[in-house]
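Each chain, letter by letter, is given below.
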Amino acid sequence: MQIPKILHVAASDHKLLTIIFTNGEKKIYDVSRLWDKEMFAPLKNPSFFKNVKIEKGGYAVYWNDNIDISEYELWKNGKNSQ
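Each residue is numbered by its place in its chain's sequence as written, counting from 1. Note on the predicted model: pLDDT of at least 70 is required for a residue's local features to be given, and 80 or more for side-chain atom pairs to be given and counted; whole-chain, interface and lining totals, by contrast, use all residues. For the side-chain quantities, the full set of heavy atoms in the structure was used; hydrogens and water were omitted.

Participant: Explanation requested: the pattern of salt bridges in the structure shown.
Facilitator: Pairs can form between side chains of opposite charge once their charged atoms are near each other. Here, a salt bridge means any Lys or Arg side-chain nitrogen found within 4 Å of an Asp or Glu carboxyl oxygen. Tallied over the entire structure, the rule returns three salt bridges. In this structure, Glu 73 engages Arg 33 in a salt bridge whose closest nitrogen and oxygen atoms are separated by 2.7 Å. Highlighted residues: Glu 73 in helix α2 (residues 71-77) and Arg 33 in the loop between β3 (26-30) and α1 (46-49), separated in sequence by 40 residues. Owing to a relative accessible area of 43%, Arg 33 belongs among the partly exposed residues under this scheme. Numbering of helices and strands runs from the N terminus, with a helix taken as a DSSP run of H or I at least four residues long and a strand as a DSSP run of E at least two residues long. Burial classes: relative accessible area under 20% of the type maximum marks a residue as buried, over 50% as exposed, and values in between as partly exposed (1.4 Å probe, protein chains only).

If you want it as structure tokens, here you go:
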């Protein structure tokens, strides 16, 4: 199965991402599952967290050069949303 690319992302609450993929599916991803990894610690800051962007081509979401999450991770571990 080919993983769809990311079409849209929005940060909600202080730890949830809402992702819409190119196939029209919508998923909710809880970023707090990554907080124990040092690389993702800055995402605990709500102001920083809200500045999420989509990498060109829809292959990941990112916050800066050091923090990103792949479309595969978001697709595989995101929860389906209505």
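Having seen the model, we can carry on.
Participant: How should I be thinking about unusual backbone geometry in this particular structure?
Facilitator: Both trends apply: most residues other than glycine have a negative phi, and most peptide bonds are in trans. At Asp 13, a position not held by glycine, the phi torsion is positive, near 55°. Checked against the element boundaries, Asp 13 lands in the loop between β1 (6-12) and β2 (16-21).

Participant: Would you take a moment to explain the sheet that holds strand β4 (residues 53-54) for this structure?
Facilitator: What links the strands of a sheet is backbone hydrogen bonding, and the strands pair in either a parallel or an antiparallel sense. Here a strand pair is declared whenever DSSP counts at least two bridges between the two strands. As summarised here, the arrangement of the three strands in space is β4-β5-β6, forming an open sheet in which the pairing is antiparallel. The open sheet has two edge strands, β4 and β6 (68-70), and neither has a second partner. Pairing of strand β5 (residues 60-62) with β6 involves three bridges; the strand directions are antiparallel. The residue bridging Tyr 62 from the neighbouring strand is Asp 68, located in β6.

Participant: Got a minute to help me understand the pairing of β2 in this structure?
Facilitator: Regular strands place their side chains on alternate faces of the sheet. Of the strand pairs in this sheet, β1 and β2 are connected by six bridges, and their pairing is antiparallel. Within the sheet, the bridge partner assigned to Val 9 lies in β2 and is Ile 19. Adjacent in sequence and paired antiparallel, β1 and β2 are bridged by three residues, among which Asp 13 carries a positive phi angle near 55°. Where β2 lies against β3, five bridges are found, and the strand directions are antiparallel. Across the sheet, Thr 18 pairs through a bridge with Ile 28, a residue of β3. From the end of β2 to the start of β3, which pair antiparallel, there are four residues, and Gly 24 there has a positive phi angle of about 90°.

Participant: Got a minute to help me understand the pairing of β3 in this structure?
Facilitator: Of the two faces of β3, the one holding Lys 27 and Tyr 29 is buried and the one holding Lys 26, Ile 28 and Asp 30 is not buried anywhere. Two strands pair when backbone bridges link them, and β3 and strand β7 (residues 79-80) are joined in this way by two bridges, in the antiparallel orientation. Residue pairing across strands places Lys 27 opposite Asn 80, the latter belonging to β7.

Participant: What exactly am I supposed to notice about the sheet that holds β2 here?
Facilitator: One open sheet holds the four strands; their spatial order is β1-β2-β3-β7, and the pairing between them is antiparallel. If you trace the sheet from one side to the other, it starts and ends with β1 and β7, each paired once.

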